[in-house]
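Secondary and tertiary structure notes
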Amino acid sequence: MARAEGAKEAAKDATRAAGRQETRSGGRPALPPAAELAAMLRESTERLARELAQASDEPPAWHEAGWRVAMAAATIHGVAGLLADRLRWEGPPLWQAFLADQRHQMRQREQRIRDTLQRIDLEARRDGLPVVGLKGSALLSMNLYAPGRRPMADIDLLVQPENRLTALRMLARLGYRPGVDSGRHLTLLPASSAPHAPVHLGEHADHPVKLELHTRVAEPLPAREVDITARILPASARPGLRPYPGRAALMRHLLLHAAGNMRTRSLRLIQLHDLALMADRLTESDWTSLAAGEGGHAPAWWALPPLRMALRHFPSCGIDEHRLRAFEPGCPPWLRRHAREASLTDLSTSRLFCPWLPGLVWARDPVEALRLVRARLWPSRAAKEQSRAARGAEAWIRDNPTASLPRWARVRRWRIDGLPAARFSVEQAMAYEWR
């Protein structure tokens, strides 16, 4: 019965999605001025976050441009599929078509990702290669979400450093070619994908399934690195696609990734939702393991801010004040206050205007703060090379007219027009057309 209802729902979404047309040349709403756009992004982001936690009965009183900005906010935060289920009200036809389209695209893309993971597992077994499927891949294997509810931009894989070349050869057989090396991971793209393929609003089945190959799991917070690789690698070295050693290890990685995104003001609401779902599945032993620091050092202080944000946005989840106290030692008071007071918009790409040094609040002492300022003013040669490579790989950077300007000129332009990542999502939403 459930399978039949799911098939009917999928067919309904596909029918509604078939009427979409995602580009048009005229008649679309004009992009609001930067100050107005910033306010609209904030309003829609915070409203959708509240709706996801506790749905209301009345839709917002937005005009068409407001609904399109809300579409951009839902895309930025990866929650369109969840909103399609949770909302009690119906917005205008444009909004309803967007939600149905996104759920349809997520279903198709999820199946492609599952197929890719199966191929990776088979090839890794043949090569005797242990590979850990990270973050979204692990959540997918746990079936925490119904089909078409959670987006996945790429597949993250972890291998031992000595197995990196073997992994690259294995992925080449699957049709993947190396792309940008960010220093943290190597991005691989399908060899069949066009260099500058069209980028659709939100999730789309036609977007290539990218891979990100890691040999370690670490985040600079903000200048000193937190490395949790030893907690992520499973004890067994059996070949094939391997899970995390346990749920606490998966939660640790989700928290570290969320902390890194909070530092760079790129946190997503879907990440907080992941944390809330995982918190409900942890045992007391898991929480004890999670609070323990790396290498016997202080507790995992960096986990407190994302846990605090998850509790604020999903208060009925398995996080409470008693559990949070275990993470407080080592977390500076100004960062604790920041986690209590900052809004989701402040910590995400929904914030059109970002501070010049967004990660400064994560510095635990003056020395680390100075290191962060120095890296910002005088980036290393490696950082410059990675930045240049990213300009050709990311559509929101590549297609932005400021990308070729000197660094000082880009920063000046961003202070006037806002950050290009947010504007890119809004511009896509303004161009979205349905029929």
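Higher on the page you've got the structure.
Worth saying up front: this structure is predicted, and the values here are computed from it rather than measured. (Residues numbered from 1 in each chain as written. Predicted model: local features only at pLDDT ≥ 70, side-chain atom pairs only at ≥ 80, totals over all residues. Heavy atoms only, no water.)

Looking at the overall build of the chain
Scanning the chain from terminus to terminus reveals 19 helices and ten strands. Every one of the 435 residues in the chain was classed for burial, and the buried ones make up 52%. Put simply, of all contacts in the chain between residues at least 6 apart along the chain, 76% involve residues at least 24 apart. Just so you have it, the chain exposes about 20200 Å², and 53% of that area is on carbon and sulfur atoms. (Helix = DSSP H or I, 4+ residues; strand = E, 2+ residues; numbered from the N terminus. Buried < 20%, exposed > 50% of the residue type's maximum accessible area, 1.4 Å probe, protein only. Contact = heavy atoms within 4.5 Å. Areas by Shrake-Rupley, 256 points an atom, 1.4 Å probe, with all protein chains shown as cover.)

A few points about the packing of helix α9 (residues 247–263) against helix α11 (residues 284–291)
It is at 9 Å that the axes of α9 and α11 come closest, and there the two elements cross at 45°. One way to sum up the angle between α9 and α11 is to call them oblique. Where α9 crosses over α11, the handedness of that crossing is right-handed. Here α9 contributes R247, A248, M251, R252 and L255 to the contact with α11, which in turn contributes D286, S289, L290 and A291. (Axes fitted to C-alpha atoms, helices over the stretch in contact; angles between N-to-C directions. Parallel < 35°, antiparallel > 145°, perpendicular 65-115°, else oblique. Left-handed = near helix turned anticlockwise from the far one by under 90°.)

Let's talk about the environment of D181
Considering the arrangement of structural elements, one finds D181 in strand β4 (residues 176–181). Spatially, the C-alpha atoms of D181 and L213 are 9.4 Å apart, while their sequence positions differ by 32 residues. In terms of polar contacts, D181 uses its side chain to reach the backbone amide nitrogen of G183, at 3.0 Å. (Polar contact = N/O pair within 3.5 Å; in protein donor to acceptor, adjacent residues only side chain to side chain.)

What to know about the pattern of salt bridges
Overall, the coordinates contain 24 salt bridges when judged by the stated rule. In this structure, the salt-bridge partner of D346 is R42, at a minimum N-O distance of 2.8 Å. In this pair, D346 is assigned in the loop between α14 (333–341) and α15 (366–377) and R42 in helix α2 (residues 34–53), connecting sequence segments 304 residues apart. By relative accessible area, which is 17% here, D346 ends up buried. Judged by relative accessible area, which is 33%, R42 ranks as partly exposed. E203 is paired through a salt bridge with R109; the nearest N and O atoms lie 3.4 Å apart. With E203 in the loop between β5 (186–190) and β6 (210–214) and R109 in helix α5 (residues 93–127), this residue pair connects regions lying 94 residues apart in the sequence. Residue classification places E203 among the buried positions, given a relative accessible area of 13%. The network of salt bridges with shared partners includes E123, R126, D127 and R173. (Salt bridge = Lys/Arg side-chain N within 4 Å of Asp/Glu carboxyl O.)

What about the environment of Q108?
Mapped onto the fold, Q108 is located in helix α5. Linking Q108 and H204, residues 96 residues apart in sequence, is a C-alpha distance of 8.1 Å.

Some details on the pairing of strand β3 (residues 154–158)
Within β3, five of the five residues are buried, leaving the element largely enclosed by the surrounding structure. Burial along β3 is two-sided: D154, D156 and L158 facing one way and I155 and L157 facing the other are all buried. Bridging between strand β2 (residues 130–134) and β3 involves three bridges; their strand directions are antiparallel. Bridge pairing links L134 to D156 in β3. Here β3 runs beside β6; their pairing, made up of five bridges, is parallel. (Pairing = 2+ DSSP bridges.)

Things to note about a nonpolar patch on the surface
A cluster of nonpolar side chains, contributed by W356, L377 and W378, occupies part of the molecular surface with about 360 Å² of accessible area. Relative to the elements of secondary structure, W356 occurs in the loop between α14 and α15. (Patch = residues over 30% accessible without salt bridge, like charges linked within 9 Å, V, L, I, M, F, W, Y side chains within 5 Å.)

Focus on the packing of aromatic side chains
Under the criterion given, the structure shown has six aromatic pairs. Aromatic pair W62 and W67: ring centres 5.0 Å apart, planes at 75°, arrangement edge-to-face. When its relative accessible area of 5% is taken as the criterion, W67 is described as buried. Taking the centre distance of 5.4 Å and the plane angle of 50° together, the rings of W67 and W95 count as tilted. (Phe/Tyr/Trp six-rings, centres within 6.5 Å; stacked < 30°, edge-to-face > 60°.)

With respect to unusual backbone geometry
Geometrically, the link from L221 to P222 is a cis peptide bond, its omega value of -15° lying close to zero. Note on placement: P222 falls in the loop between β7 (218–220) and β8 (225–227). Positioned with a positive phi, K135 is a non-glycine residue whose angle comes to about 45°.

Side note on the nonpolar core
The biggest cluster of nonpolar side chains holds 92 residues, and the ones touching the most others in it are W95 and W302. In this structure, I113, L157, M170 and L188 belong to the second largest nonpolar core, which totals 22 residues. (Core = buried A, V, L, I, M, F, W, Y, C linked by side-chain atoms within 4.5 Å.)

Some words on helix α19 (residues 420–431)
With twelve residues, α19 extends 16 Å between its outermost C-alpha atoms, agreeing within 8% with the 16 Å of an ideal straight helix rising 1.5 Å per residue. Within α19, eleven of the twelve residues are buried, which leaves the element mostly enclosed by the surrounding structure. The complete set of buried residues in α19 reads P420, A421, A422, R423, F424, S425, V426, Q428, A429, M430 and A431. (Expected span 1.5 Å × (residues − 1).)

Describing α14
Taken together, the buried positions of α14 are occupied by L335, H338 and A339. The arc enclosing the buried residues of α14, seen along the axis, measures out at 95°, which places them on a common side. α14 presents P333 and E341 as exposed residues on the side facing more than 90 degrees away from its buried surface. In this structure, the buried side of α14 is in contact with α12 (304–313). (Arc of directions from axis to C-beta.)

Points about the side chain of E110
Note on placement: E110 falls in helix α5. Dropping the residues within four chain positions of it, E110 is found in contact with L140, A146, P147 and G148.

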